[in-house]
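Residue-level structural notes
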Amino acid sequence: CFILKRSPEFKNNVGATGTAMYFSNGSTVTMNTVSVTDNTASSAGVIYSNAGTIEMTDVTASGNKSHNGGVLYLSGDVKVTVNDGTYTGNSASNLGGVIHCRTSGGVTVNGGTYTGNTALSGGAFCADTNSSLTINNAVISENESTFVNPDSSGTYNSQMGGGAVSITGGSLTVSGTSFSKNKS
């Protein structure tokens, strides 16, 4: 069990996978009022997990960068709940500017603001490989998919895009959420 509370900050970390945190084997992670800023990784800008439970409440995440999952990259059997928070200017050169999930456990987003995040596909969120993504009462605006169709070789790809959300082989449930000015 790993618990972070009362304003700890993870800033300017650089690494291969999960620059701030890497969790596996059924870990339980609770983050409350945490700031994660300007972290860079080849995969998972802040947190990588392949098994366990993650609960994030009132997290502020900005300027985090990776190949997949600017803030979170989830695989395997991970159950994630994100409550409120502000996610701004995070990016992934491939999938999920904020969250890339390919987990059987599911991701639930309750509230929060997701603005100005970018990825090749899924400017804010990307769910694939039988993942379940539920978004309730969030504000999702000005996020962008940087994918260009056709690509430089002239090939069209119907599985890329989604300025706010990209779902490929997963499921999406949305309730009470505002989408505005997202671009693909």
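Here's a quick rundown of the structure. Each residue is numbered by its place in its chain's sequence as written, counting from 1. Local features are withheld for residues below a pLDDT of 70 in this predicted model, meaning they are given only at 70 or higher, and side-chain atom pairs are given and counted only at 80 or more; totals for whole chains, interfaces and linings count all residues. Side-chain calculation: all heavy atoms of the structure are included, whereas hydrogens and water are not.

1. Topic: the overall build of the chain
Operational definition: Strands are runs of DSSP state E lasting at least two residues, helices are runs of H or I lasting at least four, and both sets are numbered from the N terminus onward. A radius of gyration in this sense is built from C-alpha atoms; the matching globule rule multiplies 2.2 Å by the number of residues raised to 0.38. The rule is simple: take the accessible area with a 1.4 Å probe, protein chains only, and divide by the maximum for that residue type; under 20% is buried, over 50% is exposed, in between is partly exposed. Whether two residues are in contact is decided by their heavy atoms, any of which lying within 4.5 Å being enough. Note on areas: these come from Shrake-Rupley sampling with a 1.4 Å probe, and a residue is covered only by the protein chains present in the view.
In terms of regular secondary structure, the chain is built from 0 helices and 24 strands. Over its C-alpha trace the chain gives a radius of gyration of 15 Å, about what one expects of a compact globule, namely 16 Å for 184 residues. Buried residues in the chain amount to 49% of all 184 residues. Counted over contacts in the chain with a minimum sequence separation of 6, partners at least 24 positions apart contribute 82%. Total accessible area on the chain is roughly 7800 Å²; 45% of this is exposed by carbon and sulfur atoms.

2. Looking at the pairing of strand S14 (residues 99–103)
Going by this rule: The pairing criterion for strands is at least two bridges between them, as found by DSSP.
Judged by how many residues are buried, S14 sits mostly within the fold: 4 of 5 residues are covered. Direction of pairing for strand S11 (residues 72–83) relative to S14: parallel, over a ladder of 5 bridges. When the bridges of S14 are listed, Leu 72 appears paired with Ile 99. As paired elements, S14 and strand S18 (residues 125–128) share 3 bridges and run parallel to each other. Note on S18: the bridge partner recorded for Ile 99 is Phe 125.

3. Some words on a nonpolar patch on the surface
Defined as follows: What goes into a patch is any residue over 30% in relative accessible area without a salt bridge, connected to like charges within 9 Å or, for nonpolar side chains (Val, Leu, Ile, Met, Phe, Trp, Tyr), within 5 Å. One speaks of a salt bridge when a side-chain nitrogen belonging to Lys or Arg is within 4 Å of a carboxyl oxygen belonging to Asp or Glu.
Where nonpolar side chains cluster on the molecular surface, the patch consists of Leu 172, Val 174 and Phe 179 and spans about 240 Å² of accessible area. Relative to the assigned elements, Leu 172 resides in strand S23 (residues 171–175).

4. Looking at the side chain of Ser 66
We count it as follows: For this analysis, a polar contact is any N or O atom pair within 3.5 Å, provided that within protein one partner can donate a hydrogen and the other can accept it, and provided that sequence-adjacent residues contribute only side-chain to side-chain pairs.
With respect to the helices and strands, Ser 66 occurs in strand S10 (residues 65–68). Judged by relative accessible area, which is 7%, Ser 66 ranks as buried. A polar contact is formed between the side chain of Ser 66 and the backbone oxygen of Asn 68, at a distance of 2.9 Å. If sequence neighbours within four positions are ignored, Ser 66 has contacts with Ala 41, Ser 42, Ser 43, Ala 44, Gly 45, Ser 91, Ala 92 and Ser 93.

5. Digging into the pattern of salt bridges
All told, the structure shown has 1 salt bridge when counted by the stated rule. A salt bridge links Asp 128 to Arg 102; the shortest N-O distance between them is 3.3 Å. Separated by 26 residues along the polypeptide, Asp 128 in strand S18 and Arg 102 in strand S14 bring together distant segments of the chain. Residue Asp 128 is classed as buried on the basis of its relative accessible area of 8%.

6. A word on the sheet that holds strand S16 (residues 113–115)
We apply this condition: For helices, the axis comes from a line fit to the C-alpha atoms of the stretch in contact; other axes are also lines fit to C-alpha atoms, and the angle between any two N-to-C directions lies between 0 and 180 degrees.
On the basis of which strands lie adjacent, the open sheet formed by 7 strands has the order S2-S6-S9-S12-S16-S20-S24 and parallel pairing. Bordering the open sheet on either side are strand S2 (9–11) and strand S24 (178–180), each of which pairs with just one other strand. Neighbour-to-neighbour, the strand axes of this sheet turn through a mean angle of 5°, independent of strand direction. By the bridge criterion, 3 bridges tie S16 to strand S20 (residues 139–141) in an arrangement that is parallel. Following the sheet pairing, Thr 115 is matched in S20 by Ser 141.

7. What about the packing of aromatic side chains?
By convention here, two paired aromatic rings are described through the distance between centres and the angle between planes. What counts here: Any two rings among Phe, Tyr and Trp, with Trp reduced to its six-membered ring, count as a pair given centres within 6.5 Å; such a pair is stacked if its planes are under 30 degrees apart, edge-to-face if over 60, and tilted if neither.
Under the definition given, this model contains 4 aromatic pairs. Through a chain of ring-to-ring contacts, the aromatic side chains of Tyr 22, Tyr 48 and Tyr 73 assemble into a single cluster.

8. Details of the environment of Phe 147
Secondary-structure assignment places Phe 147 in the loop between strand S21 (144–145) and strand S22 (165–168). Taking the relative accessible area as the measure of exposure, Phe 147 reaches 17% and is therefore buried.

Nothing here speaks to function; it is geometry throughout.
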